[in-house]
Amino acid sequence: MDMATALRELGVHDDVLTQAEKDQLDRDGFLPLEGILSAEDVSAITKRLAELTAAEGDRAGLEVHQEKGTDRLADLVNKDPLFEVCFSHPRVLAAMQHVLGEFRLSSLNSRAALPGEGHQALHADFGHPVEPGAYEVCNSIWLLDDFTPENGATRVVPGSHRRGTMPADEMPDPAAPHPDQIQLTGPAGTVVIFNSHLWHGGTQNRTTAPRRALHSYFTHRHLPQQLDQQTYLRVNTHNRLTPAQHFILDVTA
C-alpha cells in the first residue's frame, strides 16, 4: 500500500476539492467544509461522546492530554466505528494531502469548552516556524455545535502560517486579542481544515452550554504521532478497518 493507492481507495480524486478551495487553504491557512456531517451524524456522535465521558470520568483524555475547563477524550479511533469518518472522509483527506503530501493520522480527540472556560493563547501546533510550503502538521475541527462568537469559536490569524514566526515572537501576550484575528464560526456538521502552523486558539465560552468538537490531527509521515496508533490499536479495531485506513493510521497487522 502507498499514499496514492490508499487515497484512491478512500475516494480521493483530483476534483474532490476545487481549485478555489485549495487556493483558500494555501492563502488563509484554513478552509471550512460545510455539511460533512448530517444532523443525524452529529446527534449520534455527541450522544456517544457523552457516554464515553461519563464512563471514563477522571481518566477521560489521559491518553493524550487533559485541560482545565474542558471535557476531553482521546484515542477515539478505538472507541466507536462512528469516528472512522474523521480519518476517512475524502474531502478531509484531500485537504490533508494538499497541505502535507505524505501524511498519517496523529490523533483523534474531542474537546468541549465548558461554560466560562476554553480561552487559549494563540499558538501553532509545531515547535518552530517552517518555510511556506514545508508544512509538517494539519488539523481538522469537526463542529458538533454551531460555533459562534459567544460560545468560544476558535480564533485564527489568517495567513500566519506563512509569516515564519511564532505568536510569542511578535506579541507581548499571545493570550491577548490579535488585531488580525477572526473566529471560525459555522453550523454544526462543518469541518474546518486548518494548517496547524497557523496561529490559532480557543476563545472563552460565554454561554451556558459546552461547545463540542472533534479534532482529527494529521502529521507528515516522518513525524511521531501524538498518540502512537500502533501501540493503542485494538484487535477488533484492526479487523474492522480496511487496508487503506490502516495506511492512514500507519499501523500494521
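Small disclaimer: the values here were computed from a predicted structure and weren't measured.

A few words on the sheet that holds strand E9 (residues 211-220). If you trace the six strands from one edge of the open sheet to the other, you get E1-E7-E4-E9-E3-E2, paired in antiparallel fashion. In this open sheet, the two edge strands, each paired with only one partner strand, are strand E1 (30-33) and strand E2 (70-73). When the angles between neighbouring strand axes are averaged without regard to direction, this sheet yields 20°. Two strands pair when backbone bridges link them, and E2 and strand E3 (residues 103-113) are joined in this way by four bridges, in the antiparallel orientation. The partner of Thr70 across the bridge, within E3, is Ala113. Sheet contacts for helix H3 (residues 39-56): E2, E3, strand E4 (137-143) and E9; angle to E2, the most-contacted strand, approximately 95°. The sheet strands contacting helix H4 (residues 90-100) are E1, E3, E4, strand E7 (191-195) and E9, and the helix crosses E4 at an angle near 155°.

The next thing to look at is the environment of Leu73. Residue placement: Leu73 occurs in strand E2. Separated by 15 residues in the primary sequence, Leu73 and Asp58 have C-alpha atoms spaced 11 Å apart. Residues in contact with Leu73, not counting those within four places in the same chain, are Leu49, Leu52, Thr53, Glu56, Ala60, Gly61, Asn109 and Ser110.

A few words now on the packing of helix H2 (residues 19-28) against H4. Relative to each other, H2 and H4 sit at 50°, their axes nearing to 11 Å. With respect to each other, H2 and H4 are oriented oblique. As for the relative orientation of H2 and H4, their crossing is right-handed in sense. Mapping the contact onto sequence places Glu21, Lys22, Leu25 and Asp26 in H2 and Arg91, Ala95, His98 and Val99 in H4. When the residues that make up the contact of H2 with H4 are grouped by side-chain class, the tally is three nonpolar, one polar and four charged.

Counting across every chain of the model gives 15 salt bridges. Between Lys79 and Glu56 there is a salt bridge, with the nearest N and O atoms lying 2.8 Å from each other. Here the residue Lys79 occupies a position in the loop between E2 and H4, and Glu56 occupies one in helix H3, the gap between them amounting to 23 residues. As far as burial versus exposure is concerned, Lys79 and Glu56 are alike and both buried. Linking Glu67 and Arg72 is a salt bridge whose minimum nitrogen-to-oxygen distance equals 2.8 Å. Residues Glu67 and Arg72 agree in their burial class; the two are buried.

Bringing the nonpolar core into the picture now. Ranked by size, the top nonpolar core spans 53 residues in total, and within it Phe87, Phe103, Ile193, Leu214 and Phe218 carry the most contacts. Residues within four places of Phe103 in sequence aside, it is in contact with Met3, Leu7, Leu93, Met96, Gln97, Phe218, Thr219, His220, Arg221 and Ile248. Counting residues in each nonpolar core, the second largest holds 11 residues, with Ile141, Phe147, Ala153 and Val156 among its members.

Of all five residues in E7, five are buried, a share of seventy percent or more. Of the two faces of E7, the one carrying Val191, Ile193 and Asn195 and the one carrying Val192 and Phe194 are both buried. Of the pairings in the sheet, the one linking E4 to E7 comprises five bridges and is antiparallel in character. When the sheet's bridge partners are listed, Asn139 is paired in E7 with Phe194.

Reading the values: rules and limits
- Residues numbered from 1 in each chain as written.
- Predicted model: local features only at pLDDT ≥ 70, side-chain atom pairs only at ≥ 80, totals over all residues.
- Heavy atoms only, no water.
- Pairing = 2+ DSSP bridges.
- Helix = DSSP H or I, 4+ residues; strand = E, 2+ residues; numbered from the N terminus.
- Axes fitted to C-alpha atoms, helices over the stretch in contact; angles between N-to-C directions.
- Contact = heavy atoms within 4.5 Å.
- Parallel < 35°, antiparallel > 145°, perpendicular 65-115°, else oblique.
- Left-handed = near helix turned anticlockwise from the far one by under 90°.
- Nonpolar A, V, L, I, M, F, W, Y, C, P; charged D, E, K, R; others polar.
- Salt bridge = Lys/Arg side-chain N within 4 Å of Asp/Glu carboxyl O.
- Buried < 20%, exposed > 50% of the residue type's maximum accessible area, 1.4 Å probe, protein only.
- Core = buried A, V, L, I, M, F, W, Y, C linked by side-chain atoms within 4.5 Å.

The values reported here are purely geometric and, on their own, carry no functional implication.
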